[in-house]
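The primary structure of each chain is shown beneath.
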Amino acid sequence: MKQSYPVLPLRDIVVFPHMIVPLFVGRDKSVAALEAAMADDKEIFLVAQLDPAEDDPGREDLYDTGVSAEVLQLLKLPDGTVRVLVAGKQRGQLVSVESANGYLTAHVTPAEPDEDEAVEPASAELQALMRSVVDQFENYAKLNRKLPAETAVQLAELDDPSRLADAVAANIAVKVSDKQALLVEKDPQKRLEMVFAFMEGELGVLQVEKKIRSRVKRQMEKTQREYYLNEQLKAIQRELGNEGEEGDGDEIAELTQKIATLKLSKEARTKATAELKKLKTMAPMSAEATVVRNYLDVLLGLPWGKKSKLKRDLEVAQAVLDEDHYALEKVKDRIVEYLAVQARTNKLKGPILCLVGPPGVGKTSLGKSIAKATGREFIRQSLGGVRDEAEIRGHRRTYIGSLPGKIVTNLRKAGTSNPLFLLDEIDKLGQDFRGDPASALLEVLDPEQNNKFNDHYLEIDIDLSDVMFVTTANTLNLPQPLLDRMEIIRLEGYTEDEKVEIAERHLIAKQIEAHGLKDGEFTLTNEGLRALIQKYTREAGVRTLEREIAKLARKALRKILEGKVESVTITPDNLADYAGVQKYRHGLSETEHQIGAVTGLAWTEVGGELLTIESVTVPGKGAIKTTGKLGDVMKESVEAAMSFVKARAPSYGIKPSLFARKDLHVHLPEGAVPKDGPSAGIGLVTSIVSTLTGVPVRREVAMTGEVTLRGRVLPIGGLKEKLLAALRGGIETVLIPQENEKDLAEIPTNIKEGLKIVPVTHVDEVLRLALTEPLTAIDWSEADELAAQPPAGVPGLGGAAHH
Ligand SMILES: Nc1ncnc2c1ncn2[C@@H]1O[C@H](COP(=O)(O)OP(=O)(O)OP(=O)(O)O)[C@@H](O)[C@H]1O
Ligand SMILES: [Mg+2]
């Protein structure tokens, strides 16, 4: 080794002996040093800088140990920098540095034996160490991709421990300071141990790195795959036309947001959160996810905490009811009283209102008005034909395609938690093997229970206590427990005058508007309207009337559009042109007093009706036959009437022997209408007596009343409807049971004024009033004789009509 060399300071690399490295040299001093070396023996001293950033290092900026090297190649680049290839030779200790001729010169002493000096063969221990280092390097090279694979092979051939240590040191990635330490260490064994330790540390890091890399890669692949599949799915959906599907993420975020912001009950929140968690783990398009999504939709769609502001002003309520409905004074009074209690107690814990009456009297539309009057949302839920409990209460979610019940669905639709629910036609509720919807309704309608109504689908309790329930029915044919919870308000039907008013105030205007008729184009005179009511309708309510008016409006509109006329005025004279053939004969159904024909009064679902009772005798043996679709109770009434007449026959002038030769046939025409109930009793007796005695019945008299076997007249129901029917039918006198006289207080005066109402207690009174002639009892001295031999000309069959 020489004593002095030009110095090439290195910024960030440590060169070991026997190592060939390319270097880029840019600093003037370094270039000058190289030039000096090239001019001499091409040898140079390489030493690392302590601070790589130092541009003009002096002695104190350089490490103490460096390496002498030979410049193998030198290439001057056009920008003035130089590229050299150097080969490290021997470690040298820097003694001093002097700066002259534009470069540094180092005075050095060798720090390791010369190359050509004999080296003693490596000990066994050293050999083993060398082998481990080589093995370790192989592992290291495998993990570190930057190393060419053959480096390890080359290393294995080195048998000098010092060279091996240097070669490894040159190839591993460690800090400059660590490399410098390797350079400083003179003992090859120690150096081998050091590189081994470095490699081991590095290997640990590399292994972790590899693990991380592969994990990252796997994850990337998975997300990429999912992304790809999702994109494909979206593309497919787009193809199928399902565009606008929200992304999965958006949906979850939206639901989370909803759960956080809605005023859910505690139970609902727990449930919703749990379901959302489930949804997150599911494939978005799977069937289960759809089920969960629907559930959340229903649950979160309920009107949590949303309420309409209620109107509590009773005067306003009354005004709204009055405006929408004519008449019905008592009904409206009752409703306003009910609202008054509500306003004061701020609660709905009263009985449920039940509007009962024949069709078309305004039950449904009253319900709507109550909603308007109280400021509630209106929801009409028809119960007609509901047979399945699940329709009220929902299906359990275990069923595929299960749905919540009507109550929950409608509550959602209402959008507020305090709507008015009109449960329409509660008497048409069915019942079968699928459970009893009425019992589910009980829970809904019970103010004590309905703050915890449990829908099978939702599985949580919902509070119905703010909902106002109103029910409607045609009859009171309801399960008793339901009846107990309701307050019945009856709408019996309208008189002709009331119908005229309703039509003039509401129906005509409504139809004019519905048909797009203009002002003055359509007029229905008062007389025309009356004729329409009398000849084309026969009903308790006004539904048919409304339909008939619609028909008139339609025909009128057509005429106007065809340009035949400019406006239409309908009077009784031209009514038939528009309304068609007259449907009913107004006034009495009979024009003459008839034998055996009695006008009874019946109460049916569609209101009161006139009911003709006819009977005739036919040859036979005293049997009785009934026709006209009579119910069991009415058939029994016929038998009871017959027995009564048999028992009293002689006092009415009927020979008992007659019953041995004649059968009696009782018929109630209009066979399509089912008839039942006991209230035809006195009518049946009158008809039978008239037939057997041949005395005609007064045509202008109608009657209603149950009869006992002893002839006492018992009270009946539905008096107002029956009286209305009598009035409609042109009857003058109505016989009613004495015990019903108290009910007359409830009957509007205009009905009472139009009829002569006679209370009766016994059948004898009925016969006296209804038959055209008084009856004379049989003289008992002749009775036996008469019974023995048939008299000629028995009255009864086709007796002449008396006038
Ligand atoms: N008093 C009234 N004033 C004004 N309009 C009335 C009155 N009564 C009934 N109407 C009208 O008659 C029509 C039929 O009434 P609605 O549908 O309410 O009958 P309903 O009693 O519910 O019959 P159903 O038992 O068949 O359901 C409606 O257009 C209603 O507005
Ligand atoms: Mg209705």
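In the block above lies the structure referred to throughout.
Reading the values: the criteria
Residues numbered from 1 in each chain as written. Chains lettered and ligands numbered in written order. Predicted model: local features only at pLDDT ≥ 70, side-chain atom pairs only at ≥ 80, totals over all residues. Heavy atoms only, no water. Helix = DSSP H or I, 4+ residues; strand = E, 2+ residues; numbered from the N terminus. Rg over C-alpha atoms; globule rule 2.2 N^0.38 Å. Buried < 20%, exposed > 50% of the residue type's maximum accessible area, 1.4 Å probe, protein only. Areas by Shrake-Rupley, 256 points an atom, 1.4 Å probe, with all protein chains shown as cover. Lys, Arg positive; Asp, Glu negative; His and termini not counted. Charge placed at Lys NZ, Arg CZ, Asp CG, Glu CD. Pairing = 2+ DSSP bridges. Axes fitted to C-alpha atoms, helices over the stretch in contact; angles between N-to-C directions. Contact = heavy atoms within 4.5 Å. Salt bridge = Lys/Arg side-chain N within 4 Å of Asp/Glu carboxyl O. Near = heavy atom within 4 Å. Polar contact = N/O pair within 3.5 Å; in protein donor to acceptor, adjacent residues only side chain to side chain. Nonpolar A, V, L, I, M, F, W, Y, C, P; charged D, E, K, R; others polar. Core = buried A, V, L, I, M, F, W, Y, C linked by side-chain atoms within 4.5 Å. Phe/Tyr/Trp six-rings, centres within 6.5 Å; stacked < 30°, edge-to-face > 60°. Lys NZ or Arg CZ within 6 Å of the ring centre and 35° of its normal. Expected span 1.5 Å × (residues − 1). Parallel < 35°, antiparallel > 145°, perpendicular 65-115°, else oblique. Left-handed = near helix turned anticlockwise from the far one by under 90°. Patch = residues over 30% accessible without salt bridge, like charges linked within 9 Å, V, L, I, M, F, W, Y side chains within 5 Å.

Student: I would appreciate a short explanation of the overall build of the protein in the present structure.
Tutor: Counting its secondary structure elements, the protein contains 27 helices and 24 strands. Relative to the globule expectation of 28 Å for 803 residues, the C-alpha radius of gyration of the protein, 56 Å, shows a markedly less compact shape. The principal-axis extent of the C-alpha atoms belonging to the protein is close to 180 × 65 × 50 Å. Taking all 803 residues of the protein together, 45% fall into the buried category. When the accessible area of the protein is evaluated, it comes to approximately 40,900 Å², of which 51% is carbon and sulfur surface. Once the 105 positive and 123 negative side-chain charges of the protein are each reduced to a mean point, those two points are 7 Å apart.

Student: What's the story with the sheet that holds strand S12 (residues 468-473) in this structure? I'm lost.
Tutor: Within a beta sheet, neighbouring strands are joined by backbone hydrogen bonds and run either parallel or antiparallel to one another. A sheet is described by the order of its strands in space; here five strands give the open sequence S8-S9-S12-S7-S13, paired in parallel fashion. The open sheet has two edge strands, strand S8 (378-382) and strand S13 (486-490), and neither has a second partner. With strand direction ignored, the average angle separating the axes of adjacent strands in the sheet is 25°. Here S8 pairs with strand S9 (residues 420-424) via five bridges, running parallel. Each bridged residue has a counterpart across the sheet, and for Ile379 the counterpart in S9 is Phe421. Sheet strands touched by helix H14 (residues 406-414): S8 and S9. Its angle to S8, the strand with the most contacts, is close to 155°.

Student: What is the right way to look at the pattern of salt bridges in this model?
Tutor: Between side chains of opposite charge, a pair can form as their charged atoms come close. Taken as a whole and assessed by the stated rule, the structure comprises 41 salt bridges. Note that Arg91 is salt-bridged to Asp166, the shortest N-O span being 2.8 Å. One end of the pair, Arg91, is in strand S5 (residues 82-100); the other, Asp166, is in helix H4 (residues 161-171), and 75 residues separate them in sequence. According to the relative accessible area criterion, Arg91 is buried, its value standing at 1%. Salt-bridge contacts for Asp424 lead to Arg380; the nearest nitrogen and oxygen are separated by 2.6 Å. Here Asp424 is found in strand S9, whereas its partner Arg380 is found in strand S8, with 44 residues between them in sequence. A relative accessible area of 44% places Arg380 in the partly exposed class.

Student: Explain the site of ligand 1 here, please?
Tutor: The local shell around ligand 1 holds 20 residues, among which Tyr326, Lys363, Thr364, Lys510 and Arg543 are the closest. Here a nitrogen atom of ligand 1 and a backbone polar atom of Tyr326 are 2.8 Å apart. Where the shell around ligand 1 is concerned, the elements lending two or more residues are helix H12 (363-374), helix H17 (496-514) and helix H19 (543-561). Residues that form the shell around ligand 1 fall into these classes: seven nonpolar, seven polar and six charged.

Student: Is there a simple way to explain the nonpolar core in this structure?
Tutor: Across soluble globular proteins, nonpolar side chains have a tendency to be buried as a group. Core analysis: the biggest nonpolar cluster contains 57 residues, and Leu46, Phe137, Val168 and Leu192 have the highest contact counts within it. With nine residues, the top contributor of residues to this core is helix H2 (residues 124-143). Sequence-distant contacts of Phe137, defined by excluding residues within four places in its chain, comprise Leu147, Thr151, Ala152, Leu155, Val168, Asn171, Ile172 and Met199.

Student: For this particular structure, what's the right way to read the environment of Lys330?
Tutor: Following the sequence through the fold, Lys330 ends up in helix H11 (residues 329-345). Remark: the alpha-carbon pair of Lys330 and Ala414, spanning 84 residues in sequence, is separated by 30 Å.

Student: Sorry if this is basic, but what is going on with the packing of aromatic side chains here?
Tutor: Each aromatic ring pair is described using two quantities: the centre-to-centre distance and the angle formed by the ring planes. All chains considered together, the criterion is met by five aromatic pairs. Ring centres of Phe137 and Tyr140 lie 6.1 Å apart, and the angle between their planes is 35°; this geometry places the pair in the tilted category. Here Tyr140 and Phe137 lie together in helix H2, a separation of three residues that amounts to about one turn. Across the pair, exposure class does not vary: Phe137 and Tyr140 are buried alike. On the basis of an interplanar angle of 50° and a centroid distance of 6.5 Å, the ring pair of Phe644 and Tyr652 is categorised as tilted. Phe644 gets classed as buried once you look at its relative accessible area, which sits at 1%. Classification of Tyr652 by relative accessible area gives buried; the value is 6%. The lysine or arginine in question, Arg397, covers the ring of Tyr295, its NZ or CZ lying 3.9 Å from the ring centre.

Student: Which parts of the structure should I look at to understand helix H9 (residues 287-301)?
Tutor: Quick reminder: α-helices carry 3.6 residues per turn. Residues three or four places apart thus point the same way. When the terminal C-alpha atoms of H9 are compared, their 21 Å separation across 15 residues agrees well with the 21 Å that a helix rising 1.5 Å per residue should span. Burial in H9 covers these residues: Ala289, Val292, Tyr295, Leu296, Val298, Leu299 and Leu300.

Student: Whenever I open this one, the side chain of Arg393 confuses me. Can you help?
Tutor: Assignment of secondary structure puts Arg393 in helix H13 (residues 389-393). Given a relative accessible area of 10%, Arg393 falls into the buried group. The contacts of Arg393, once residues within four sequence positions are left out, are Gly405, Ala440, Glu443, Phe453, Asn454, Asp455, His456 and Tyr457.

Student: Before we go on, may I ask you to explain the packing of H2 against helix H6 (residues 188-240) in this structure?
Tutor: Helix packing geometry: the angle between the two helix axes and the distance between the axes. Two elements in contact, H2 and H6, have axes whose closest approach is 9 Å; the angle formed by their N-to-C orientations is 25°. Here H2 lies roughly parallel to H6, going by the angle between them. Every pair of crossing elements has a handedness; the one defined by H2 and H6 is left-handed. Counted together, Glu125, Leu126, Leu129, Met130, Ser132, Val133, Gln136, Phe137, Asn139, Tyr140 and Leu143 of H2 and Gln189, Leu192, Glu193, Val195, Phe196, Met199, Glu200, Glu202, Leu203, Leu206, Gln207 and Lys210 of H6 form the full contact between these two elements. Partitioning the contact of H2 with H6 into residue classes produces 13 nonpolar, five polar and five charged.

Student: Looking at this structure, how should I read the pairing of strand S16 (residues 597-604)?
Tutor: Working note: regular strand, side chains alternate between the two faces of the sheet. With seven of its eight residues buried, S16 lies for the most part within the structure. Relative to strand S17 (residues 607-619), S16 is paired through eight bridges, and the arrangement is antiparallel. The partner of Thr604 across the bridge, within S17, is Gly607. Sheet topology note: the S16/strand S20 (residues 701-703) ladder contains two bridges and is parallel. Within S20, the position partnered with Thr599 by the bridge is Ala702.

Student: What is the right way to look at the environment of Met199 in this model?
Tutor: Looking at the element boundaries, Met199 is found in helix H6. Spatially, the C-alpha atoms of Met199 and Leu299 are 63 Å apart, while their sequence positions differ by 100 residues. Beyond its immediate chain neighbours, meaning those up to four positions away, Met199 contacts Val133, Gln136, Phe137, Tyr140, Val168 and Ile172.

Student: How should I be thinking about the pairing of S17 in this particular structure?
Tutor: In sequence, S16 turns back onto S17 through a hairpin of two residues. Across six bridges, the pairing between S17 and strand S19 (residues 662-667) is antiparallel. In the strand pairing of S19, Thr617 is matched with Leu664.

Student: Before we go on, may I ask you to explain the sheet that holds S17 in this structure?
Tutor: Taking strand neighbours across the sheet as the criterion, the seven strands line up as S18-S19-S17-S16-S20-S23-S24 in an open arrangement whose pairing is mixed. Whereas interior strands pair on both sides, the edge strands pair on one side only; in this sheet they are strand S18 (624-627) and strand S24 (756-760). Adjacent strand axes in the sheet meet at a mean angle of 30° when their direction is disregarded. Against the sheet, helix H21 (residues 632-648) touches S17, S18 and S19, its axis set at about 145° to S18. Sheet strands touched by helix H24 (residues 719-728): S16, S17, strand S23 (733-737) and S24. Its angle to S17, the strand with the most contacts, is close to 75°.

Student: Sorry, what's going on with unusual backbone geometry here?
Tutor: If a residue is not glycine, its phi is most likely negative; likewise, a peptide bond is most likely trans. Unlike most non-glycine residues, His18 shows phi in positive territory, near 70°. Note on placement: His18 falls in the loop between strand S1 (4-10) and strand S2 (20-25).

Student: Whenever I open this one, a negative patch on the surface confuses me. Can you help?
Tutor: Together, Asp632, Glu636, Glu639 and Asp676 give the surface a local cluster of negative charge. Glu639 gets classed as partly exposed once you look at its relative accessible area, which sits at 49%.

Student: I'm lost on the side chain of Asp424 in this one. Help?
Tutor: According to the relative accessible area criterion, Asp424 is buried, its value standing at 1%. If we ignore the near neighbours within four places in the chain, the residues touching Asp424 are Thr364, Arg380, Gln381, Ser382, Leu383, Gly384 and Thr472.

Worth remembering: the numbers are spatial, not functional.
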